[in-house]
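Read off the chains here:
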Amino acid sequence: MDQHEMDVDDPGEEVQDPILQLEPIHPERQAYDAERARQKYLLIIRRRRIRDLADPFDVTYETFVRTYRLSQDLVFSLVDLIRPHVPRTSSALALPLEKKVLAVLSFYATGSYQTPTGRNFDISIAQQTMSKYIEEISTALNAPEVVARIIRFAETAEEIGFCVERNTMLGAQIPNTIAYTDGTLIKIRKP
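Residues numbered from 1 in each chain as written. Predicted model: local features only at pLDDT ≥ 70, side-chain atom pairs only at ≥ 80, totals over all residues. Heavy atoms only, no water.

- By the naming in an unreviewed UniProt entry, the protein chain is Nuclease, taken from Frankliniella fusca.

Have a look at this one:
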């Protein structure tokens, strides 16, 4: 018998599916797996309830501004402004938009995902999810309607004069300055 003839299936030979050759799962193992899955699900629900019950807005004004660089009122205004530009999620377990915005603001304020998350247990988010939120909120902030409401440059000599006067009254250290940022220095690496 040559090699070719050995490879041809004998019609009389019964071939068994390898999956059918596996041992059947014991009922005890099935019950154990089902209970483990149930407990894992309950743990996820419990963690989400803790997350949802924690109120990041329930801190002092100073702590809030140091963490997010905006006041609570400004954050609520910002959320209302970008809400139409953020895709709605159908999951009942999704993070509320307010907490998404706070997580992203914290990232913007520090430039780090991990530092603020380690400090703020009320907004603990996985890095992959955080990346998704950063893209989602940044896209909403860059919507033309939102940009037009948030960013406005002085156009006339009168408006420029008003800005310079206001900044001088607020304790501006640099004369004839129209505006300041919060002073965050961001290092940019060469590509």
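Still more to cover.
## A word on the packing of aromatic side chains
Line of reasoning, step 1. Under the criterion given, the structure shown has 4 aromatic pairs.
Line of reasoning, step 2. Their ring planes at 50 degrees and their centres at 4.7 Å tell us that Phe-64 and Tyr-68 sit as a pair that is tilted. Taken together, the positions of Phe-64 and Tyr-68, both in helix 3 (residues 61–68) and 4 residues apart, correspond to about one turn of that helix.
Line of reasoning, step 3. For Phe-64, a relative accessible area of 0% puts it in the buried group.
Line of reasoning, step 4. Ring geometry for Phe-107 versus Tyr-108: centroids 6.4 Å apart, planes at 55 degrees, classification tilted.
Line of reasoning, step 5. Owing to a relative accessible area of 24%, Phe-107 belongs among the partly exposed residues under this scheme.
Line of reasoning, step 6. For Tyr-108, a relative accessible area of 36% puts it in the partly exposed group.
Line of reasoning, step 7. Ring pairing ties together the aromatic residues Phe-57, Phe-64, Tyr-68 and Phe-76, which thus form one cluster. (Phe/Tyr/Trp six-rings, centres within 6.5 Å; stacked < 30°, edge-to-face > 60°. Helix = DSSP H or I, 4+ residues; strand = E, 2+ residues; numbered from the N terminus. Buried < 20%, exposed > 50% of the residue type's maximum accessible area, 1.4 Å probe, protein only.)

## Quick word on the packing of helix 4 (residues 72–82) against helix 5 (residues 97–110)
Between two packed helices, the angle of one axis relative to the other and the distance separating the axes together describe the packing.
Line of reasoning, step 1. In contact at an axis separation of 10 Å, helix 4 and helix 5 are set at 115 degrees when each is read in the N-to-C sense. Here helix 5 runs roughly perpendicular to helix 4, going by the angle between their axes. The handedness of the crossing between helix 4 and helix 5 comes out as right-handed. Facing helix 4, whose interface residues are Val-75, Phe-76, Leu-78, Val-79 and Ile-82, helix 5 presents Leu-97, Glu-98, Val-101, Leu-102 and Leu-105.
Line of reasoning, step 2. Of the residues that constitute the contact of helix 4 with helix 5, the class distribution is 9 nonpolar, no polar and 1 charged. (Axes fitted to C-alpha atoms, helices over the stretch in contact; angles between N-to-C directions. Parallel < 35°, antiparallel > 145°, perpendicular 65-115°, else oblique. Left-handed = near helix turned anticlockwise from the far one by under 90°. Contact = heavy atoms within 4.5 Å. Nonpolar A, V, L, I, M, F, W, Y, C, P; charged D, E, K, R; others polar.)

## What to know about helix 7 (residues 127–141)
Line of reasoning, step 1. Counted at 1.5 Å a residue, the expected span for helix 7 with its 15 residues is 21 Å, and the 21 Å between its end C-alpha atoms agrees.
Line of reasoning, step 2. On its buried face, helix 7 sits against helix 4, helix 5 and helix 8 (144–150). (Expected span 1.5 Å × (residues − 1).)

## Focus: the side chain of Thr-67
Line of reasoning, step 1. Tracing the sequence through the fold places Thr-67 in helix 3.
Line of reasoning, step 2. By relative accessible area, Thr-67 is classed as buried at 12%.
Line of reasoning, step 3. A distance of 2.8 Å separates a polar atom in the side chain of Thr-67 from the backbone oxygen of Thr-63. (Polar contact = N/O pair within 3.5 Å; in protein donor to acceptor, adjacent residues only side chain to side chain.)

## Notes on a nonpolar patch on the surface
Line of reasoning, step 1. A contiguous nonpolar surface patch, about 340 Å² in accessible area, is contributed by Ile-150, Ile-151 and Phe-153.
Line of reasoning, step 2. By the secondary structure assignment, Ile-151 is in the loop between helix 8 and helix 9 (157–169).
Line of reasoning, step 3. Ile-151 gets classed as partly exposed once you look at its relative accessible area, which sits at 47%. (Patch = residues over 30% accessible without salt bridge, like charges linked within 9 Å, V, L, I, M, F, W, Y side chains within 5 Å. Areas by Shrake-Rupley, 256 points an atom, 1.4 Å probe, with all protein chains shown as cover. Salt bridge = Lys/Arg side-chain N within 4 Å of Asp/Glu carboxyl O.)

## Description of helix 9
Count 3.6 residues to each turn of an α-helix, and residues three or four apart come out pointing the same way.
Line of reasoning, step 1. Its 13 residues give helix 9 an end-to-end C-alpha distance of 18 Å, which sits within 8% of 18 Å, the value for a rise of 1.5 Å per residue.
Line of reasoning, step 2. Taken together, the buried positions of helix 9 are Cys-163, Val-164 and Asn-167. Projection of helix 9 onto a plane perpendicular to its axis shows the buried side chains occupying an angular sector of 95 degrees, all on one side. Exposed residues on helix 9 whose side chains face more than 90 degrees from its buried face are Glu-158, Phe-162 and Met-169. (Arc of directions from axis to C-beta.)

## Quick word on the environment of Thr-63
Line of reasoning, step 1. Inspection of the secondary structure assignment puts Thr-63 in helix 3.
Line of reasoning, step 2. For Thr-63, a relative accessible area of 28% translates into the label partly exposed.
Line of reasoning, step 3. At 2.8 Å, the side chain of Thr-63 forms a polar contact with the side chain of Thr-60.

## Some words on the confidence of the model for the protein chain
Line of reasoning, step 1. Taken as a whole, the protein chain shows an average pLDDT of 77; of its residues, 67% reach a score of 70 or greater.
Line of reasoning, step 2. Averaged pLDDT values over the elements of the protein chain bottom out at 49 in helix 1 (residues 3–7) and peak at 95 in helix 4.
Line of reasoning, step 3. Note that residues 4–8 has pLDDT below 50 and, in this model, 1 contact with residues that lie over four places away or in other chains. (pLDDT = per-residue confidence, 0-100.)

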